[in-house]
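Below are the chains, spelled out letter by letter.
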Amino acid sequence: MAALSKTVGVFPKERVIVDRERAKGSYLLGPYLLSKLLAEIPVGAAFPLLFGTVLYPMTRVHPTLSRFGKFCGIVTTESFAASAMGLTVGAMVPTTEAALAVGPSFMTLFIVFGGYYINAENTPIIFRWIPRVSLIIRWAFQGLCINEFSGLQFDHQNSFDIQTGDQASDAF
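Below or above, wherever it landed, is the structure these notes cover. These figures come from a predicted structure and were not determined experimentally.

### Remarks on the packing of helix H1 (residues 2-23) against helix H2 (residues 29-58)
Moving on, step 1. As a packed pair, H1 and H2 sit with axes 11 Å apart at the nearest point and diverge in direction by 140°. Taken together, the axes of H1 and H2 lie oblique to each other. For H1 against H2, the interelement crossing comes out right-handed. From H1, Phe 11, Glu 14, Val 18 and Arg 22 reach across to H2, where they touch Leu 29, Tyr 32 and Lys 36.
Moving on, step 2. Taken together, the residues that form the contact of H1 with H2 break down as four nonpolar, no polar and three charged.

In C-alpha cells form, the structure reads like this:
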C-alpha cells in the first residue's frame, strides 16, 4: 500500500510536465517511463529490503540464505508491482485527488480477493477474474507461501492432518 500511495499521488502532477515536454518533442513516452523506472529502482527497493531484513529473522522462518533471498525478492517485486499499479491509476484519472481515491480502492479490492480473506473457490462467479489479475497480492502471497512451506514436514496426530508443507502449499 505504501508503494502504491507514493506513486499514485505523484504521477498526476508529473503528467503535466511530461505532456508539455512531449508536445515540444523533447522525448518519447517509452524512454521517459524506462528512465523513471530505472531511477526509482534503488529507492523502491530500499524499503522492501529493509522490511525483509528485519522481519524475516523475527518470524523464525527458514534460516537459509536462499529462502531469505527469495523472500526479499518476492517482497521487492510486490512493491514494484504496486508502484506500477500506482502509475497506471495515476495515468487513468485526471487529478491527484481522484488518483488518491481510486488507487487504495483497487488495492483494497485486490486484498479482499487476493486469497487472505476469500478463497478463490468461494469467490462468486462474477468476481472470479479479480484474483487472477491481482498481481500485487495473490501471486506474492502464493510465492511467499511456497517459499516458506516447501520441503517442510509437520507433526500430525490424525490421518487427515496436513503432513507436509507441499500439501499446505497446494491449498493456496
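### Structural notes on the layout of surface pockets
Moving on, step 1. Quantified by volume, the largest pocket comes out at close to 610 Å³.
Moving on, step 2. Around the largest pocket, the lining is made up of 28 residues, and of these Pro 48, Phe 51, Val 75, Glu 78 and Leu 144 lie nearest the centre.
Moving on, step 3. Breaking the lining of the largest pocket down by element, the ones donating at least two residues are H1, H2, helix H3 (65-92), helix H4 (96-112) and helix H6 (138-149).
Moving on, step 4. By residue number, the principal contributor to the lining of the largest pocket is H2, which donates seven residues.
Moving on, step 5. Class assignment of the residues belonging to the lining of the largest pocket gives a composition of 21 nonpolar, four polar and three charged.

### Quick notes on the packing of aromatic side chains
Between two aromatic rings, the relevant description is the distance of the centres plus the angle of the planes.
Moving on, step 1. Across all of its chains, the model carries four aromatic pairs by this definition.
Moving on, step 2. Summarising the aromatic geometry, the rings of Tyr 27 and Tyr 32 are spaced 6.0 Å apart at their centres and angled 15° between planes, so their arrangement reads as stacked.
Moving on, step 3. Overall, Tyr 27 belongs to the partly exposed group, its relative accessible area being 25%.
Moving on, step 4. Here Tyr 32 falls in the buried class, since its relative accessible area comes to 11%.
Moving on, step 5. Taken together, a centroid distance of 5.1 Å and an interplanar angle of 50° make the contact between Tyr 56 and Phe 71 tilted. Of the two residues, Tyr 56 is situated in helix H2 and Phe 71 in helix H3; the sequence distance between them amounts to 15 residues.
Moving on, step 6. Since its relative accessible area comes to 6%, Tyr 56 is described here as buried.
Moving on, step 7. A residue is classified by how much of its surface remains accessible, and Phe 71, at 11% relative accessible area, is buried.

### Structural notes on the pattern of salt bridges
Moving on, step 1. Considering all chains together, one arrives at two salt bridges under this definition.
Moving on, step 2. The residue Glu 14 makes a salt bridge to Lys 36 at a minimum N-O spacing of 3.0 Å. Here Glu 14, found in helix H1, pairs with Lys 36, found in helix H2; they are 22 residues apart in sequence, far enough to count as distant.
Moving on, step 3. Taking the relative accessible area as the measure of exposure, Lys 36 reaches 11% and is therefore buried.

### Structural notes on H1
Moving on, step 1. When the terminal C-alpha atoms of H1 are compared, their 32 Å separation across 22 residues agrees well with the 32 Å that a helix rising 1.5 Å per residue should span.
Moving on, step 2. Lining the buried residues of H1 we find H2, H3 and H4.
Moving on, step 3. Looking at the residues trailing H1, positive phi occurs at Gly 25, about 85°.

Parameters and conventions
- Residues numbered from 1 in each chain as written.
- Predicted model: local features only at pLDDT ≥ 70, side-chain atom pairs only at ≥ 80, totals over all residues.
- Heavy atoms only, no water.
- Axes fitted to C-alpha atoms, helices over the stretch in contact; angles between N-to-C directions.
- Helix = DSSP H or I, 4+ residues; strand = E, 2+ residues; numbered from the N terminus.
- Parallel < 35°, antiparallel > 145°, perpendicular 65-115°, else oblique.
- Left-handed = near helix turned anticlockwise from the far one by under 90°.
- Contact = heavy atoms within 4.5 Å.
- Nonpolar A, V, L, I, M, F, W, Y, C, P; charged D, E, K, R; others polar.
- 1 Å grid on protein atoms, 1.4 Å probe; cavity = no way out; pocket = protein on both sides within 12 Å on 5 of 7 lines; lining within 4 Å.
- Points joined across faces, edges and corners; volume = space filled by probe spheres on them.
- Phe/Tyr/Trp six-rings, centres within 6.5 Å; stacked < 30°, edge-to-face > 60°.
- Buried < 20%, exposed > 50% of the residue type's maximum accessible area, 1.4 Å probe, protein only.
- Salt bridge = Lys/Arg side-chain N within 4 Å of Asp/Glu carboxyl O.
- Expected span 1.5 Å × (residues − 1).

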